[in-house]
Structure formats: C-alpha cells, structure tokens
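Here is how the chains run, residue by residue.
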Amino acid sequence: IHEFWDSQPVPKAYEKIDESMYDQQIDVPKTVADVRPEPYTLPPGYTWANIDIGNRTEAQEVYDLLTQNYVEDDDNMFRFDYSIEFLQWALTPPGFHKEWLFGVRGGKKNKLFGFISGIPVDTKIRGKQVTMAEINFLCVHKSLRTKRLATVLIKEVTRRVNLHDIWQAIYTAGVLIPLPISKTTYWHRSLNPKKLVEVGFSSLPANTPMARYVKLLKLPGETSVKGLREMQKSDVKVVHDLLNAYLSKFEVHLHFTEAEVAHFLLPRAGVVDTYVVENPQTKEIKDFLSFYHLPSSILKHEVHKTLRVAYCYYNVANTVPMEELIRNALIIAKQKDFDVFNALDIMENETLLKELKFGIGDGNLHYYFYNWRVPEFKPNQIGIVLV
Ligand code: NHW
Ligand code: EN5
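Residues numbered from 1 in each chain as written. Chains lettered and ligands numbered in written order. Predicted model: local features only at pLDDT ≥ 70, side-chain atom pairs only at ≥ 80, totals over all residues. Heavy atoms only, no water.

Peer 1: Now, about the nonpolar core: what can you tell me, with residues and values included?
Peer 2: Taken as a class, soluble globular proteins show a tendency for nonpolar side chains to be buried jointly. The biggest cluster of nonpolar side chains holds 102 residues, and the ones touching the most others in it are W89, F137, Y313, Y314 and F341. Considering every element that reaches this core, the biggest residue donor is helix 8 (residues 322–335), with 8 residues. When we break this core down by domain, the ones giving at least three residues each are domain 1 (5–179) and domain 2 (183–368 + 378–383). Apart from residues no more than four positions distant in its own chain, Y313 is found in contact with W89, F264, L265, V272, S290, F291, Y292, M347, V385 and V387. (Core = buried A, V, L, I, M, F, W, Y, C linked by side-chain atoms within 4.5 Å. Buried < 20%, exposed > 50% of the residue type's maximum accessible area, 1.4 Å probe, protein only. Helix = DSSP H or I, 4+ residues; strand = E, 2+ residues; numbered from the N terminus. Domains from an automatic or database assignment. Contact = heavy atoms within 4.5 Å.)

The structure is reproduced here in structure tokens:
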C-alpha cells in the first residue's frame, strides 16, 4: 500500500528488535561517489528550478503556491498561510544550502508547480549526534496531484542532501506514513472565542451562552512576570546557553549554534516573538518564551478571511513556573490580537495545557526520521519544533 515508502530506508513496522539495532542507519553505508550525479527525470514539459527565496519575485511564487495548495485541516476549512518573511526566515538559517530550496516549473508561463526544502540541522538522539536535513514545505499544485510528483521531489532532495555527505533527515507530517518516531497532538487555546466559533474553528460547548464562554476564557490584560521584555541581540549568548541546556533533557533535540539562536529567536515582526525574563535586581536572564506567527486562510467564510494563529515555539523556565511563563505568552499573543494559540503536547507542554485552558485539536503531527532507527518516543521526549 506504500509503493514509494516501501522502497525507502524507513522502518516498516514497530518491531521488537534487539536494542543493539537502534541508533544507526537503516540503509547500507554509502559515499558521495555512490550518489547519482544527475537530477531525477521529470515528466515532459517540467524542469527543476532552484529557488532564491531571498529574491522577492521568487519568494512570492513560493508564497502563491503554498497559500493556494499547502496543508489544510481534515475538513478543508483552513489552509496554512505562511508569509513571505516567514518563509525567508525558515529557509535561510546560517549554513543553508541554496540548492536544497527548489521546485518544479512547467506550462506556458513556466509557473511553479511544486516545491520542497531542506535546511541543515545538528540533532542529538538518545545521546548521539547526527547531522541531518530538516525537510519541510513539500507541496504539489492541486492540478498535479496523485501523479507521483511528490516522490520525485523527495528523491531529488534526498540526492541533493546526500551530495553533502548527509544521509539522515527529520520531517513532520499530519499524515501517517511509515513510520513515525512519535505521534503528537495539537492543542488550541482560544484567545478570540467569538471569532473562532463564527468561522467554525471551535464550537460553543453545550448549554453555554457566548458571553459565559468568553468570560471563561478571559485572560489578564497585562503580563505578570517581572522583568519580561523582548529579546535583543545582547541576549543571544545567554539564550543560546539556556536553550541548549534545556533541550538536552529530551531524547530527541536539536543542538543550536549561537548564530542559529540569533537567527531563529531574535524577534522578527510578523514572524517570531521572543521575550526574556531579566531579573530586575541582578539583570540575569534565566527564562524566556517564544512563539511564531502562522496565520491560516479561512476557506469558507464570507466575512472572516484570515485566522491569526500563534504557535508555541521554545520556552525555558528556571526562575518562573513554566505555567506562568506560558500564561504570559498567551497574554502577549492576546495583546497582539491573535485569535488562537496552538501548541503540541511535546516537551513539557502536556503538563500545562489543561490548566491553561487549551483544548485538544482534531489534528496530529507525526515526527519522522529518514534512514535512522530508533524506538518510538512519547511526545514529552521530543524537544524539536518544526515550523
Ligand atoms: S508535511 C506537509 C506536506 N504537504 C502537504 O500536505 C501540502 C498539501 N499536499 C500536497 O501538496 C511537511 C500533496 O498532497 C503532497 C503529495 C505533495 C503532500 N510526506 O505525488 P503523489 C513536509 O513538507 C507520499 C511524505 O502521487 P500527491 C514534510 C504518499 O504516502 N510523503 O502524491 C515532507 C505516497 O507514497 P506511498 C508523503 O498527493 C517530508 C506518495 O507521496 C506525504 O500528489 C517529505 C504519493 O505521491 C508527506 N507529507 O503529493 C519526505 N504526503 O509510498 C522527506 C504524501 O504511500 C524524506 N506522501 O505510495 C527525507 C528526504 C531527505 C533525505 C536525506 C538523507
Ligand atoms: C509541518 N511543519 O489539522 C506541518 N490542524 O488540531 C505540516 N484543528 O487546526 C503538518 N477540522 O481542532 C500539519 N479546533 C498538520 C496539521 C494540519 C492542520 C490541522 C488542526 C490541528 C486544527 C482545529 C480546527 C478544526 C476545524 C475542523 C481544531 C478545535 C479547537 C477547540 C478550541 C477550544 C477547545 C477545544 C478545541
């Protein structure tokens, strides 16, 4: 039933295997000399095209492809609407490879019909360092679906990654394919319940008038943590140390360089928000919170066209309870006019979600490795957020 995935170095089933089989690659070892030097063949009329995402015109083409054809919820009511600035942020971290950002063009106007991306990441899994590609934004235009074009994009990105002597990848997907390393769940904290109900994102609980529902979900107008302020350049060193120290508690996590922390966590308007807690007396920083901006198009509503969504990113709490820190993230998101705050049940999130009035979503996020064998992980053993 998985003609493509059955041909790939991914596990086929959760087998009770010898512990000594874990923490190694699935495929036979290869070298760059074994990698096919020429790109995979595309159907007639289509060509490979690298995308310079820093170029406004090309970024706009990727934006148009994704806003019209990328991920929707199960009932096709919402579709992700990653902004151009967001895509540029996500796809050009320190050390990115320009040939790992590419697509397929075709037709009379040489239009973009497909896209896939990879960025290099340094992962640590059960104590072992593995250099991987993080694959994201796989998309095929709706008019070209189910013609196996996605499999060609995947094979081609694999080839381009292999040419860098990298043989493993990490990716997430809502769909279930062979074989998740972890199955995680989306949770949602309503910030604007009235709009969420109007657009069908949530439904009013039985026998609850809107006014009571709104009151139940009301948040304080101001944050409670003393010394909370936006992260700035001079905080990068300490945030880098805090983040890596915190993430090392999880079985699966990234290891960030200082340059990567600057790239991924310094605030960017409309993309990512990070706040640090600066002790008013000592000026020391021991905690921070962050979330990223990923609106969704509302596909079937006459009035409301965009859902403003904040997504829980990386949070470290040493001097403040994690619950209070995340409550402050919710308050900031509300002040910034977000409609809903989303989080996965990864890291230590699960322990706080109920207390903070999150409700379980209808979507799952499966985490995958390409060519790396591990046992299955609980969501709270996962310390990686893919945007
Ligand atoms: S997950 C979001 C993926 N994008 C979307 O869902 C957007 C909307 N959908 C589409 O654009 C985040 C199309 O439906 C896509 C499939 C393009 C999804 N991952 O061309 P065919 C990511 O971007 C398999 C992996 O006919 P299509 C992560 C499917 O199981 N495989 O389908 C991306 C089947 O294989 P099977 C997926 O509908 C990670 C085959 O594709 C998949 O026209 C990529 C059918 O192909 C998914 N999300 O286009 C893997 N969805 O064996 C990276 C479907 O079952 C691996 N399929 O027959 C690592 C590579 C690097 C390694 C380096 C060492
Ligand atoms: C790669 N980085 O299904 C990502 N979203 O729950 C690609 N549901 O928004 C993979 N269906 O539950 C992404 N409202 C996979 C996710 C794809 C998108 C998706 C789900 C996640 C979602 C919403 C809307 C459902 C609309 C009908 C949902 C309920 C919220 C409610 C709030 C109040 C308390 C109870 C829950």
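Peer 1: Account for the pattern of salt bridges, naming residues and giving values.
Peer 2: Inspection of the entire model under this criterion finds 20 salt bridges. Ionic pairing is found between R105 and E61, a salt bridge with its closest N-O pair at 2.7 Å. Linking R105 in strand 3 (residues 101–106) with E61 in helix 1 (residues 56–69), this pair joins segments that are 44 residues apart in sequence. Judged by its relative accessible area of 11%, R105 falls in the buried class. The closest approach of N and O atoms between R327 and E323, which form a salt bridge, is 2.8 Å. Of this pair, R327 and E323 both sit in helix 8, 4 residues apart, roughly one helical turn. For R327, a relative accessible area of 26% puts it in the partly exposed group. A relative accessible area of 25% means that E323 is categorised as partly exposed. (Salt bridge = Lys/Arg side-chain N within 4 Å of Asp/Glu carboxyl O.)

Peer 1: Describe the site of ligand 1, with residues and values.
Peer 2: The full set close to ligand 1 counts 36 residues, and H2, W5, L138, T146 and R148 are the nearest of them. The backbone of W5 places a nitrogen or oxygen atom 2.7 Å from an oxygen atom of ligand 1. F137 places a main-chain nitrogen or oxygen 3.1 Å from an oxygen atom of ligand 1. Here ligand 1, which alone exposes 1200 Å², has 88% of that area covered by the protein. Secondary-structure elements contributing two or more residues to the shell around ligand 1 are strand 5 (128–140), helix 3 (149–162) and strand 6 (169–173). Looking at the shell around ligand 1, the element that brings in the most residues is helix 3, giving 8 residues. (Near = heavy atom within 4 Å. Polar contact = N/O pair within 3.5 Å; in protein donor to acceptor, adjacent residues only side chain to side chain. Areas by Shrake-Rupley, 256 points an atom, 1.4 Å probe, with all protein chains shown as cover.)

Peer 1: Please give an account of the domain arrangement of the protein chain that cites residues and values.
Peer 2: What the domain assignment lists for the protein chain is domain 1 (5–179) and domain 2 (183–368 + 378–383). For domain 1 and domain 2, the distance between their C-alpha centres works out to 26 Å. The interface is formed by 39 residues belonging to domain 1 together with 35 residues belonging to domain 2. Summed over both sides, the interface between domain 1 and domain 2 buries roughly 3200 Å², with carbon and sulfur atoms accounting for 60% of that surface. Where domain 1 meets domain 2, there are 0 salt bridges. Residue assignment for the side of domain 1 that touches domain 2 shows that the elements contributing at least two residues are strand 2 (78–80), helix 2 (84–91), strand 4 (111–125) and strand 6. A per-element tally of the side of domain 1 that touches domain 2 places strand 4 first, with 7 residues. Here the residues of the side of domain 1 that touches domain 2 are counted per class, giving 23 nonpolar, 6 polar and 10 charged. (Buried area = accessible area lost by both parts, 1.4 Å probe. Nonpolar A, V, L, I, M, F, W, Y, C, P; charged D, E, K, R; others polar.)

Peer 1: Let's hear about the site of ligand 2: which residues, and what values?
Peer 2: Near ligand 2 there are 24 residues, and of these D73, D75, H188, F201 and D362 occur at the shortest range. Taking D73, its side chain carries an N or O atom lying 2.6 Å from a nitrogen atom of ligand 2. Alone, ligand 2 offers 870 Å² of accessible surface; in the complex the protein occludes 85% of this. When contributions to the shell around ligand 2 are tallied by element, the ones reaching two or more residues are strand 2, strand 7 (182–190) and strand 16 (359–370).

Peer 1: Please set out the packing of helix 6 (residues 236–247) against helix 7 (residues 258–265) residue by residue, giving values where relevant.
Peer 2: Interhelical geometry of helix 6 versus helix 7 gives an angle of 100 degrees and a closest axis separation of 9 Å. Here helix 6 is positioned roughly perpendicular relative to helix 7, judged by the angle of their axes. Where helix 6 abuts helix 7, its residues V236, K237, V239, H240 and L243 lie against E258, V261, A262 and L265. Looking at side-chain class alone, the contact of helix 6 with helix 7 contains 6 nonpolar, 1 polar and 2 charged residues. (Axes fitted to C-alpha atoms, helices over the stretch in contact; angles between N-to-C directions. Parallel < 35°, antiparallel > 145°, perpendicular 65-115°, else oblique.)

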